[in-house]
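Structural characterization, general
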Amino acid sequence: MIDGKTAVCGLIGDPVEHTLSPVIHNTLAQETGKNLVYVPFPVKAEQVENAVKGARALSLCGLNVTVPHKSAVIPYLHSVEREAALIGAVNTLVPEGDGFRGYNTDLTGLGRALASDGVQLAGERVILLGAGGAARAAAFLCVLRGAKEVWLLNRTLSRAQALAQEVCRGTGRDCIRPLALSDWRKIPEGRYLAIQGTKVGLFPDTECAPIEEEAFYRLIHTGCDLIYRPARTKFMRLVEKAGGRAFNGLKMLLYQGVEAYELWTGAAVTEAQAGLCYERMKKELGQDG
């Protein structure tokens, strides 16, 4: 029941119509007994400042931020958490004084998703595909959480080089090796965790993978595709065909939401509660069969 004590949080971005975030947060509110509702707010680029200031004026208990506003909101925040500042993007705003503090739960959510599937980054050898927004968070996560080395592959080498330099400079670790995607054969023999952070294979172009050669996939013991629609991408199928384990990005979406909810409410979300959200998300996507 919505009443005068109902807390409101939500999402700003453009577009927001197809977001799964209300499924996560409204389920968690119900399961944790919080009088809270979560709604999406479409916000155009020229209205970002007004949206952030207006949300605080309306006493919203928190905001998520999605594309294309994850960097654009930063000038209008009171403060930014260290890891979010390193990445240069935030996706979660938590009230602080008469403004907001920015966090990046994409980073922590991916770490939690990997851990839920038995993957520990400390000491791991990683292949990361892509240098865009999702891959950027993954690059910082791997280095900050102690990966031994990260081979960063991107179609445009200069973008991979720029991101590698930025991550190394920001973290004080020199463990990222940028390569052009076509030069993947320069990666030393071994078994790697691979994180697929490009848009290749995203619905409706589901029969594409960023690298098509089957020999590449024999390097991979575990593949995580940050895409979640379709549920099984061609990248995942190729990993499995070569004998590896493969997961999609739905758990990353789940746990970034869980982390945001915990920041807003102070509630400790149980794995059972997170699991219920996960099942409802799959049902919403038609992946529950």
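Below you will find a few notes about this structure. Once a new chain begins, its residue numbering starts again from 1 and follows that chain's sequence as written. Only residues with pLDDT of 70 or above have their local features reported here, since the model is predicted, and side-chain atom pairs are shown and tallied only from 80 upward, although totals for entire chains, interfaces and linings are computed over all residues. Heavy atoms from the whole structure form the basis of all side-chain values; hydrogens and water molecules are not counted.

1. Focus: the pattern of salt bridges
Rule in force here: Salt bridges are counted wherever a side-chain nitrogen of Lys or Arg sits within 4 Å of a carboxyl oxygen of Asp or Glu. Numbering of helices and strands runs from the N terminus; a helix is a DSSP stretch of H or I covering at least four residues, while a strand is a stretch of E covering at least two. Any residue under 20% of the maximum accessible area for its type is buried, any over 50% is exposed, and the rest in between are partly exposed; the area is computed with a 1.4 Å probe on protein chains only.
Counted according to the given criterion, the structure contains 17 salt bridges. A salt bridge links Arg112 to Glu262; the shortest N-O distance between them is 3.2 Å. Here Arg112 is found in helix H4 (residues 105-116), whereas its partner Glu262 is found in helix H9 (residues 250-265), with 150 residues between them in sequence. A salt bridge links Asp174 to Arg177, with the nearest nitrogen and oxygen atoms 3.6 Å apart. On the basis of relative accessible area, Arg177 is assigned to the partly exposed category, the value being 31%.

2. Notes on the nonpolar core
This is how it is decided: We define the nonpolar core as a collection of buried residues of types Ala, Val, Leu, Ile, Met, Phe, Trp, Tyr and Cys that are connected through side-chain atoms lying within 4.5 Å of one another. By definition in these notes, contact holds between two residues if any of their heavy atoms fall within 4.5 Å.
Counting 61 residues, the largest nonpolar core has Ile176 and Ile195 as its most contacted members. If you tally residues by element for this core, the top one is H9, at 9 residues. Each residue touching Ile195, except ones within four places of it in the same chain, is listed here: Leu114, Val126, Ile127, Leu128, Leu129, Ala138, Cys142, Cys224 and Leu226. The next biggest cluster of nonpolar side chains, apart from the first, holds 21 residues, and it includes Ile127, Leu153, Leu181 and Ile211.

3. A word on the sheet that holds strand S3 (residues 62-65)
The condition is simple: Strand pairing follows a simple DSSP-based rule, namely that at least 2 bridges must link the two strands.
On the basis of which strands lie adjacent, the open sheet formed by 6 strands has the order S2-S1-S3-S5-S6-S4 and mixed pairing. On the outer flanks of this sheet lie strand S2 (36-42) and strand S4 (79-80), each paired with one strand and no other. Note that S3 and strand S5 (residues 92-96) share 2 bridges and pair antiparallel. Paired with Asn64 across the bridge in S5 is Thr92.

4. Section: the state of the cysteines
Operational definition: Two cysteine sulfurs form a disulfide in these notes if their separation is within 2.5 Å.
Counted according to the given criterion, the structure contains 0 disulfides. Counting only cysteine sulfurs, Cys61 is the nearest neighbor of Cys9, a cysteine outside any disulfide, at a range of 4.1 Å.

5. Quick word on the packing of aromatic side chains
Formally: Side-chain rings of Phe, Tyr and Trp, where Trp is taken by its six-membered ring, are said to pair if the distance between their centres is within 6.5 Å; with planes under 30 degrees apart they count as stacked, over 60 as edge-to-face, and otherwise as tilted.
Throughout the structure, instances matching the rule amount to 4 aromatic pairs. Judged by centre distance (5.0 Å) and plane angle (85°), the rings of Phe216 and Tyr217 are edge-to-face. Residue classification places Tyr217 among the buried positions, given a relative accessible area of 1%. On the numbers, 5.8 Å between centres and 65° between planes, the contact of Tyr217 with Phe235 is edge-to-face. Residue Tyr217 is found in helix H7 (residues 214-217), and its partner Phe235 is found in helix H8 (residues 234-241); the two are separated by 18 residues along the sequence.

6. Considerations on the environment of Ala137
Its location among the elements puts Ala137 in helix H5 (residues 133-144). Counting along the chain gives 60 residues from Ala137 to Gly197, while the straight-line C-alpha distance between them is 9.4 Å. Once residues lying within four places of it in the same chain are set aside, the contact partners of Ala137 are Ile87, Asp106 and Leu107.

7. Looking at the packing of helix H1 (residues 21-32) against H9
For clarity, the threshold we go by: Interaxial angle, 0 to 180 degrees, is taken between N-to-C directions of lines fitted to C-alpha atoms, where a helix line uses only the stretch in contact. Here is the rule for angles: anything less than 35 degrees is roughly parallel, anything more than 145 is roughly antiparallel, 65 through 115 is roughly perpendicular, and the remaining ranges are oblique. When the near helix sits turned anticlockwise from the far one by under a right angle, the crossing is termed left-handed; a clockwise turn instead gives a right-handed crossing. Three classes are used: nonpolar for Ala, Val, Leu, Ile, Met, Phe, Trp, Tyr, Cys and Pro, charged for Asp, Glu, Lys and Arg, and polar for all others, with Gly counted as polar.
Running from N to C, H1 and H9 cross one another at 50°; their axes reach a closest spacing of 10 Å. With respect to H9, the element H1 is oriented oblique. The element H1 and its partner H9 pack so that their crossing is right-handed. In contact with Ser21, Ile24, His25, Leu28, Ala29 and Thr32 of H1, H9 contributes Leu253, Leu254, Gln256, Gly257, Val258, Ala260, Tyr261 and Trp264. A per-class count over the contact of H1 with H9 returns 9 nonpolar, 5 polar and no charged.

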